Amino acid sequence: MEVTLLGTGDTTGTPTVGCDCETCTEAKNRNVERTRFSVHVHNERTGESLLVDASPDFRQQFLREDLPAPDAVIITHIHFDHLHGLGNVFRLTRSLPVHATNRTDPKTGESVAETVQRQYDYLAALDVSGETPLESFEAAGFDCRLVPVDHPPLVCYGLVVEDPETGAKLSISGDTTYDIPDVSRDALRNPDLLIADGIVHAGFCEQHSLGGKHHDSDGVPRTFGTKHMTFEGARALAANLDADRHRLVHVSHFTPPERAFDADLAVDGERFQL
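This one's a predicted model, so the numbers in the text were calculated from it and none came from an experiment.

Q: What is the right way to read the overall build of the protein chain from this model?
A: Secondary structure summary: the protein chain contains seven helices and 18 strands in total. In terms of C-alpha radius of gyration, the protein chain reaches 17 Å, essentially the compact-globule figure of 19 Å for 274 residues. For the protein chain, the spread of C-alpha atoms along the three principal axes comes to 50 × 40 × 40 Å. Residue burial in the protein chain is summarised as follows: out of 274 residues, 56% are buried. At a minimum sequence separation of 6, the contacts of the protein chain that also span at least 24 residues come to 65%. Accessible surface for the protein chain amounts to roughly 11,300 Å². Of this, 45% is attributable to carbon and sulfur atoms. In the protein chain, which carries 24 positive and 44 negative side-chain charges, the distance between the mean positions of the two groups comes to 3 Å.

Q: Please clarify how helix H4 (residues 112-119) should be interpreted in this entry.
A: The periodicity of an α-helix, 3.6 residues per turn, causes residues three or four places apart in sequence to face the same way. All of the buried residues in H4 are Val112, Ala113, Thr115 and Val116. The arc enclosing the buried residues of H4, seen along the axis, measures out at 165°, which places them on a common side.

Q: I would appreciate a short explanation of the side chain of threonine 8 in the present structure.
A: With respect to the helices, strands and loops of the structure, threonine 8 is situated in the loop between strand E1 (2-7) and helix H1 (22-30). Of the polar contacts made by the side chain of threonine 8, one reaches the backbone oxygen of alanine 266; its length is 3.4 Å. If near-sequence neighbours (up to four positions away) are discounted, threonine 8 is found in contact with Glu33, Arg34, Thr35, Val249, His250, Val251, Ala266, Val267 and Asp268.

Q: Hey, could you run me through the environment of arginine 247 in this one?
A: Secondary-structure assignment places arginine 247 in strand E17 (residues 246-249). A C-alpha to C-alpha distance of 20 Å links arginine 247 and aspartate 216, two positions 31 residues apart in sequence. Within the local environment of arginine 247, its side chain forms a polar contact with the side chain of glutamate 270, the two groups lying 3.0 Å apart.

Q: Honestly, the pairing of E1 in this entry has me stumped. Any pointers?
A: On a regular strand, each side chain points to the face opposite its neighbour's, so the side chains alternate between the two faces of the sheet. Burial runs high along E1: five of the six residues are buried. As paired strands, E1 and strand E18 (residues 271-273) are joined by three bridges and run antiparallel to one another. By the bridge assignment, valine 3 is partnered in E18 with phenylalanine 272. In this sheet, strand E2 (residues 38-42) lies alongside E1 in antiparallel orientation, the contact comprising five bridges. What sits directly across from threonine 4, in E2, is histidine 40.

Q: Explain the sheet that holds E18 here, please?
A: As a general point, the strands of a sheet are linked pairwise by backbone hydrogen bonds and lie either parallel or antiparallel. Taken in spatial order, the seven strands of this open sheet run E8-E5-E4-E3-E2-E1-E18, and their pairing is mixed. Only two strands of the sheet have a single neighbouring strand rather than two, namely strand E8 (126-131) and E18. Shown here is a sheet whose adjacent strand axes are inclined to one another by a mean of 20°, direction ignored. Sheet topology places E2 next to strand E3 (residues 49-52); four bridges connect them, and they run antiparallel. The partner of histidine 40 across the bridge, within E3, is leucine 51.

Q: Looking at this structure, I do not really get the packing of aromatic side chains. What am I missing?
A: Within a pair of aromatic rings, the relevant descriptors are the distance that separates the centres and the angle that separates the planes. Applying the stated rule across the entire model yields four aromatic pairs. Seen from their ring centres, phenylalanine 58 and phenylalanine 62 are 4.3 Å apart, and the 15° between their planes marks the pair as stacked. Taken together, the residues span about one helical turn, with phenylalanine 58 and phenylalanine 62 both in helix H2 (residues 58-65) at a distance of four residues. One aromatic cluster in this structure is built from Phe204, Phe224 and Phe254. Here arginine 185 stacks its cationic end above the ring of tyrosine 178, 4.5 Å away from the centre of that ring.

Q: I'm lost on the nonpolar core in this one. Help?
A: For soluble globular proteins, nonpolar side chains are generally found buried alongside one another. By size, the foremost hydrophobic cluster in this structure holds 51 residues, and its most contacted members are Val3, Leu50 and Ile195. Those residues in contact with isoleucine 195 that lie beyond four places of it in its chain are Val3, Leu5, Phe37, Val39, Leu170, Ser171, Ile172, Ser173, Arg247 and Val249. The next biggest cluster of nonpolar side chains, apart from the first, holds 20 residues, and it includes Val149, Ala196, Ala243 and Leu265.

Q: Which parts of the structure should I look at to understand unusual backbone geometry?
A: Working note: non-glycine residues mostly have negative phi, and peptide bonds are mostly trans. Following threonine 14, the chain continues into proline 15 via a peptide bond in cis, with omega recorded as 0°. Considering the arrangement of structural elements, one finds proline 15 in the loop between E1 and H1. The omega angle of the peptide bond from proline 152 to proline 153 is 10°, so this bond is cis rather than trans. Structurally, proline 153 is set in the loop between strand E10 (142-148) and strand E11 (157-162). Even without being glycine, aspartate 53 reaches a positive phi, approximately 70°. Even without being glycine, aspartate 242 reaches a positive phi, approximately 55°. Residue position: aspartate 242 is located in the loop between helix H6 (231-240) and E17.

Reading the values: the criteria
- Residues numbered from 1 in each chain as written.
- Predicted model: local features only at pLDDT ≥ 70, side-chain atom pairs only at ≥ 80, totals over all residues.
- Heavy atoms only, no water.
- Helix = DSSP H or I, 4+ residues; strand = E, 2+ residues; numbered from the N terminus.
- Rg over C-alpha atoms; globule rule 2.2 N^0.38 Å.
- Buried < 20%, exposed > 50% of the residue type's maximum accessible area, 1.4 Å probe, protein only.
- Contact = heavy atoms within 4.5 Å.
- Areas by Shrake-Rupley, 256 points an atom, 1.4 Å probe, with all protein chains shown as cover.
- Lys, Arg positive; Asp, Glu negative; His and termini not counted.
- Charge placed at Lys NZ, Arg CZ, Asp CG, Glu CD.
- Arc of directions from axis to C-beta.
- Polar contact = N/O pair within 3.5 Å; in protein donor to acceptor, adjacent residues only side chain to side chain.
- Pairing = 2+ DSSP bridges.
- Axes fitted to C-alpha atoms, helices over the stretch in contact; angles between N-to-C directions.
- Phe/Tyr/Trp six-rings, centres within 6.5 Å; stacked < 30°, edge-to-face > 60°.
- Lys NZ or Arg CZ within 6 Å of the ring centre and 35° of its normal.
- Core = buried A, V, L, I, M, F, W, Y, C linked by side-chain atoms within 4.5 Å.

Here it is as structure tokens:
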């Protein structure tokens, strides 16, 4: 299993359009980017590839990494930075299985699978399947499970991807606060690699109108506002799940430059062999 981090940034990405902050400037100096979130997982046994979330930066990401069109896609939730690159598959493939939860979101009145089907009904190549949370399904030769996490007001899911022959395991927290249900933590536990949502350092919670929550024993907030983990929260999750390795994604440009490029804060293009 080869994992490529296609997009590691938040909704605006880094560098952010029109921004001359020190972190965006330093990213340009380092020649690195954090585009909108997406992960590519190559199955070396079968030659297939799985795309986790369809970033609006799809075309740029696939050209940059010299990748063919994916053989299957999993969508974790319907925020635009995770879904609206899906239209880029037009004319790239004749058939593309797309997996998403079949559980109805009280906020939208439809499941993620139904939203994907409705928004992209013009793409004949898409074969959208509704998957039951926490139940295994096959995608690109991998055993996969969508696991509920906490990203209000919409339903959102983390993901477990396992190779049934080698036992390699990738866990993705999805966009979430630190308040991940125990049943989901159990599913995510003991990965070879954890890709964890971490948007800013805990000190930045002072800038949020709602501050932070899910504080640790030292009073450090592990959730920023109501939707994402802090770096400290993501690192605590990695420890709690006994991850062999971890990388933080969905990273914002609001992090000061002296902290924005710490070793475990992912940048686009990083690759891992599991």
